[in-house]
Amino acid sequence: MFPVWLQAGFWGLFSGSALMVGAAIGYFSRVPQRIIAAIMAFGAGVLISALSFELMDEAYKEGGFDSTAIGFVAGAIVYTAANWYLATQGGKHRKRSGDHQPSEDEDSGSGLAIAIGALLDGIPESIVIGVSMIAGGSVSAVAVAAVFLSNIPEGLSSAAGMKNAGRSLRYVFGVWATIAVLCGVAALLGYTVFSHLSAEIIAATTAIAAGAILAMIVDTMIPEAFEKAHNFAGLITVVGFLAAFVLSKLGG
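This one's a predicted model, so the numbers in the text were calculated from it and none came from an experiment.

Turning to the UniProt feature "transmembrane region" (unreviewed entry) in the protein chain, a few remarks are in order. UniProt records the feature "transmembrane region" (unreviewed entry) at residues 6-28, 35-56, 68-87, 127-149, 169-194, 201-223 and 229-247, using the numbering of this structure. Between the C-alpha atoms that bound residues 169-194 the distance is 37 Å, and the span itself is 100% helix and 0% strand. Secondary structure content for residues 229-247 is 84% helix and 0% strand, while the C-alpha to C-alpha distance between its ends is 25 Å.

As structure tokens, then:
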């Protein structure tokens, strides 16, 4: 049996590897944008369900209302501030599959901003995976499944947009491979750093991640989902939400 900290790193890397799967599909296949939007809507629903029934509920049970509420709002504020800054540097449309992403010639430095933005989107999810292992030493299957399922459309849509912006194969897969590894590191740190802290701090950290994830969904996933899926985006999001809800109940 591997030590728990190593298991945490593995599950973070596993969920992050879905970004590579999605990127490969988006880069090498000509997936219709409407299909990409539908998959993105499904992934958004999965994440919303997971943060509702796994993250927020667990944070409330462990730390009460104050820690959960403060952490939730703080996570959204921190993410929004960081996302706003990256948007000014050219990273605003990092999850868009069409021609929204600027090329390096159009906006110097935008490639780095997109890469950092993609990392910003993935870190909260990965930390949650590590933190979820603190109580019982086993990973939350629902959290891993939710992050994995949502990472595929994120990688798919973003890689398609990067290709349209003229970014090279090496750049695209270098970005996603690096982020997948850092997701593993973030999950490992989520377990090792927080395992000796109080329940209130762990609860607040979980809520911070939940707030950041929800802000990320609205800022970066929903626009891509709605632009092409239009009137069906809400329905597809509901299906994704239901899928994760069923997983949470079967896992419980």
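All right, on to a nonpolar patch on the surface then. Nonpolar side chains collect at one region of the surface, where Leu13, Val181, Leu182, Val185, Leu189, Val193, Leu197 and Ile201 lie side by side and expose about 610 Å² of accessible area between them. Tallying contributions element by element places helix 5 (residues 169-194) first for the nonpolar patch, with 5 residues. The residue valine 181 is located in helix 5 in this model. Residue classification places valine 181 among the partly exposed residues on the basis of a relative accessible area of 49%.

Here the focus is the packing of helix 1 (residues 4-28) against helix 4 (residues 141-164). At a minimum axis separation of 6 Å, helix 1 and helix 4 run at an interaxial angle of 35°. Considering the relative orientation of helix 1 and helix 4, their crossing is right-handed. Contacts from Trp11, Phe14, Ser15, Gly16, Ser17, Ala18, Leu19, Gly22, Ala23, Ile25, Gly26 and Tyr27 of helix 1 reach helix 4 at Val144, Val147, Phe148, Asn151, Ile152, Glu154, Gly155, Leu156, Ala159, Ala160 and Lys163. When its residues are assigned to classes, the contact of helix 1 with helix 4 shows 14 nonpolar, 7 polar and 2 charged.

The subject of this paragraph is helix 6 (residues 199-229). Because the α-helix completes a turn every 3.6 residues, residues three or four places apart line up on one side. When the local axis directions of helix 6 are compared, the greatest deviation, roughly 40°, occurs at methionine 221, which is followed within four positions by the proline proline 223. Histidine 230 occupies a position one or two residues after helix 6 and carries a positive phi of about 50°.

This part takes up the pattern of salt bridges. Opposite charge on two side chains makes pairing possible when the charged atoms of those side chains draw close. For the structure on display, the rule yields 1 salt bridge. Ionic pairing is found between aspartate 57 and lysine 61, a salt bridge with its closest N-O pair at 3.3 Å. Residue aspartate 57 and its partner lysine 61 are located together in helix 2 (residues 33-91), separated by 4 residues, close to a single helical turn. For aspartate 57, a relative accessible area of 33% translates into the label partly exposed.

With that settled, the discussion passes to the nonpolar core. Core analysis: the biggest nonpolar cluster contains 21 residues, and Leu47, Leu51, Leu55, Ile213, Met216, Ile217 and Met221 have the highest contact counts within it. A per-element tally of this core places helix 6 first, with 11 residues. Core analysis: the second largest hydrophobic core is formed by 13 residues, Ala23, Tyr27, Ala118 and Met162 among them.

Within the element layout of this structure, isoleucine 129 appears in helix 3 (residues 110-131). Using a relative accessible area of 0% as the deciding quantity, one classes isoleucine 129 as buried. With 121 residues separating them along the chain, isoleucine 129 and alanine 8 place their C-alpha atoms 7.0 Å apart.

A separate point is the environment of isoleucine 134. Assignment of secondary structure puts isoleucine 134 in the loop between helix 3 and helix 4. Separated by 56 residues in the primary sequence, isoleucine 134 and glycine 190 have C-alpha atoms spaced 9.0 Å apart. When residues no more than four places from it in sequence are discounted, the contact partners of isoleucine 134 are Gly190, Tyr191, Phe194, Ser195 and Ile202.

According to the stated counting rule, one finds 9 aromatic pairs in the structure shown. Both rings, one in phenylalanine 10 and one in tryptophan 11, keep their centres 5.0 Å apart while their planes meet at 70°; by these two values the pair is edge-to-face. Measuring from centroid to centroid gives 5.8 Å for tyrosine 27 and phenylalanine 173, while their planes differ by 70°, and the two rings are edge-to-face. Of the two residues, tyrosine 27 is situated in helix 1 and phenylalanine 173 in helix 5; the sequence distance between them amounts to 146 residues. Members of the aromatic cluster, each reached through a chain of ring pairs, are Phe10, Trp11, Phe14 and Phe148. The ring of tyrosine 27 has lysine 163 sitting right over it, with the charged end atom 5.1 Å from the ring centre.

Reading the values: rules and limits
- Residues numbered from 1 in each chain as written.
- Predicted model: local features only at pLDDT ≥ 70, side-chain atom pairs only at ≥ 80, totals over all residues.
- Heavy atoms only, no water.
- UniProt positions renumbered as here; feature names shortened; annotations may be inferred.
- Helix = DSSP H or I, 4+ residues; strand = E, 2+ residues; numbered from the N terminus.
- Patch = residues over 30% accessible without salt bridge, like charges linked within 9 Å, V, L, I, M, F, W, Y side chains within 5 Å.
- Areas by Shrake-Rupley, 256 points an atom, 1.4 Å probe, with all protein chains shown as cover.
- Salt bridge = Lys/Arg side-chain N within 4 Å of Asp/Glu carboxyl O.
- Buried < 20%, exposed > 50% of the residue type's maximum accessible area, 1.4 Å probe, protein only.
- Axes fitted to C-alpha atoms, helices over the stretch in contact; angles between N-to-C directions.
- Left-handed = near helix turned anticlockwise from the far one by under 90°.
- Contact = heavy atoms within 4.5 Å.
- Nonpolar A, V, L, I, M, F, W, Y, C, P; charged D, E, K, R; others polar.
- Bend = angle between axes of the 7 residues up to and from the residue.
- Core = buried A, V, L, I, M, F, W, Y, C linked by side-chain atoms within 4.5 Å.
- Phe/Tyr/Trp six-rings, centres within 6.5 Å; stacked < 30°, edge-to-face > 60°.
- Lys NZ or Arg CZ within 6 Å of the ring centre and 35° of its normal.

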